Amino acid sequence: MAKSKSTRKQVSFKSDHSTPESDTSSSTKLSSKSANPSGAGVGNKVNGSTRTSSTSTKSSANAVPQIKNKAILIPFHNVLVLWNMFRQGLTENIEYTLFVGFLTLIPIQLVYNYLIISQLKKKSKDLNVPLLIVSSVIVSMVLSIPLLIVIILFGGPIYGFTIKNILLALHLSQLIFNPLIVLYALDFNQFTKIFEQDHIYRLIFVHPILSASLLTVAGCWLGAIPIPLDWDRPWQQWPITLLVGGYIGGVAGGLLSLVVKPIGA
């Protein structure tokens, strides 16, 4: 009986001394629980923003075909074609030189189209590469008709300049539409997805093909500025400055894509 009483006393003594520790541990648990909701909220916010950025990146990747090496697709051949036209006498015989320059541009553009396809990260297994390359040139020539109408509507002279306008439209159609047709493989529905993106201009300028096509248009538009100036220079004749602006604008757009950071970078 004495042993049992002493045992009970020891048990009660231990339980009395363990109470502060249990209180401390319970208070610690409560404080950690009270701290967890805010931490969980911050974590959820971070995860949410990460998911949002990754979702936007995926959607932009679906809207624009991705390129392996952007530097390879900078259209430096524009400078060579333009230099060759000036060397052949662009300011003396505009119509003939534009026609010869267009014939020179076609085979170079075919090689450039093949480079575009080779630099695509994802491409369909059923893609007929030769057919796409050739059809892109033909479709671009067809699209030069509405482009000719746009040039006239924006103030292009008509009387006595019909052939020059047609040749200008043919050149610009190969610089603007041809690479886009190859990039999207004639899929117009996929091309329209780019207009549904949030950061559309950044998405364009980070891509060498899209940036080059857009700045070709901008360069051609800016090229009309020197024509009315009273300098009386041979290179101010219609449509030389527009042609130069389009060719140089394409190169500038390709170089710009190397500087602009992609979305999420």
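Residues numbered from 1 in each chain as written. Predicted model: local features only at pLDDT ≥ 70, side-chain atom pairs only at ≥ 80, totals over all residues. Heavy atoms only, no water.

**A look at helix H5 (residues 162–184)**
Argument step 1. Spanning 23 residues, H5 covers 32 Å between terminal C-alpha atoms, matching the ideal 33 Å at 1.5 Å per step.
Argument step 2. The principal kink in H5, of about 35°, is found at Ser173.
Argument step 3. With 19 of 23 residues buried, H5 lies mostly within the body of the structure.
Argument step 4. Trailing H5 by a residue or two, Ala185 shows a phi angle of about 55°, which is positive. (Helix = DSSP H or I, 4+ residues; strand = E, 2+ residues; numbered from the N terminus. Expected span 1.5 Å × (residues − 1). Bend = angle between axes of the 7 residues up to and from the residue. Buried < 20%, exposed > 50% of the residue type's maximum accessible area, 1.4 Å probe, protein only.)

**Examining the packing of helix H4 (residues 129–153) against H5**
Argument step 1. Packing of H4 against H5 leaves a shortest axis separation of 6 Å and a crossing angle of 130°. Here H4 is positioned oblique relative to H5, judged by the angle of their axes. By crossing handedness, the relation of H4 to H5 is classed as right-handed. Contacts between H4 and H5 involve Leu132, Ser136, Val137, Val139, Ser140, Met141, Leu143, Ser144, Leu147, Leu148, Ile151 and Ile152 from the first element and Asn165, Ile166, Leu168, Ala169, Leu170, Leu172, Ser173, Gln174, Phe177, Asn178, Ile181 and Val182 from the second.
Argument step 2. Among the residues forming the contact of H4 with H5, the class breakdown is 17 nonpolar, seven polar and no charged. (Axes fitted to C-alpha atoms, helices over the stretch in contact; angles between N-to-C directions. Parallel < 35°, antiparallel > 145°, perpendicular 65-115°, else oblique. Left-handed = near helix turned anticlockwise from the far one by under 90°. Contact = heavy atoms within 4.5 Å. Nonpolar A, V, L, I, M, F, W, Y, C, P; charged D, E, K, R; others polar.)

**Re unusual backbone geometry**
Argument step 1. Of the consecutive residues Trp238 and Pro239, the connecting peptide bond is found in the cis state with omega at 0°.
Argument step 2. Looking at the element boundaries, Pro239 is found in the loop between helix H8 (208–222) and helix H9 (240–259).
Argument step 3. Even without a glycine there, the phi angle at Ala185 is positive, about 55°.
Argument step 4. Inspection of the secondary structure assignment puts Ala185 in the loop between H5 and helix H6 (188–192).
Argument step 5. Ala185 gets classed as partly exposed once you look at its relative accessible area, which sits at 35%.
Argument step 6. For Leu186, which is not glycine, the phi dihedral falls at a positive 60°.
Argument step 7. With respect to the element layout, Leu186 can be found in the loop between H5 and H6.

**Topic: the UniProt feature "transmembrane region" (unreviewed entry) in the chain**
Argument step 1. Under the UniProt annotation, the feature "transmembrane region" (unreviewed entry) is placed at residues 96–117, 129–154, 166–188, 200–225 and 237–260.
Argument step 2. Overall, residues 200–225 shows 81% helix and 0% strand. The separation of its end C-alpha atoms is 27 Å.
Argument step 3. Taken end to end, residues 237–260 is 83% helix and 0% strand, and its two terminal C-alpha atoms sit 35 Å from one another. (UniProt positions renumbered as here; feature names shortened; annotations may be inferred.)

**Let's talk about the side chain of Thr97**
Argument step 1. For Thr97, the location among the structural elements is in helix H3 (residues 94–118).
Argument step 2. In terms of polar contacts, Thr97 uses its side chain to reach the backbone carbonyl oxygen of Gly89, at 3.1 Å.
Argument step 3. Each residue touching Thr97, except ones within four places of it in the same chain, is listed here: Met85, Gln88, Gly89 and Leu90. (Polar contact = N/O pair within 3.5 Å; in protein donor to acceptor, adjacent residues only side chain to side chain.)

**Topic: the packing of aromatic side chains**
Two descriptors summarise a pair of aromatic rings, namely the distance from one centre to the other and the angle between the planes of the rings.
Argument step 1. Within the structure shown, the criterion is met by four aromatic pairs.
Argument step 2. Consider the rings of Tyr184 and Phe191, whose centres lie 5.3 Å apart with planes at 85°: the pair is edge-to-face.
Argument step 3. Clustering of aromatic rings is evident, with ring pairs tying together Tyr184, Phe188, Phe191 and Phe195. (Phe/Tyr/Trp six-rings, centres within 6.5 Å; stacked < 30°, edge-to-face > 60°.)

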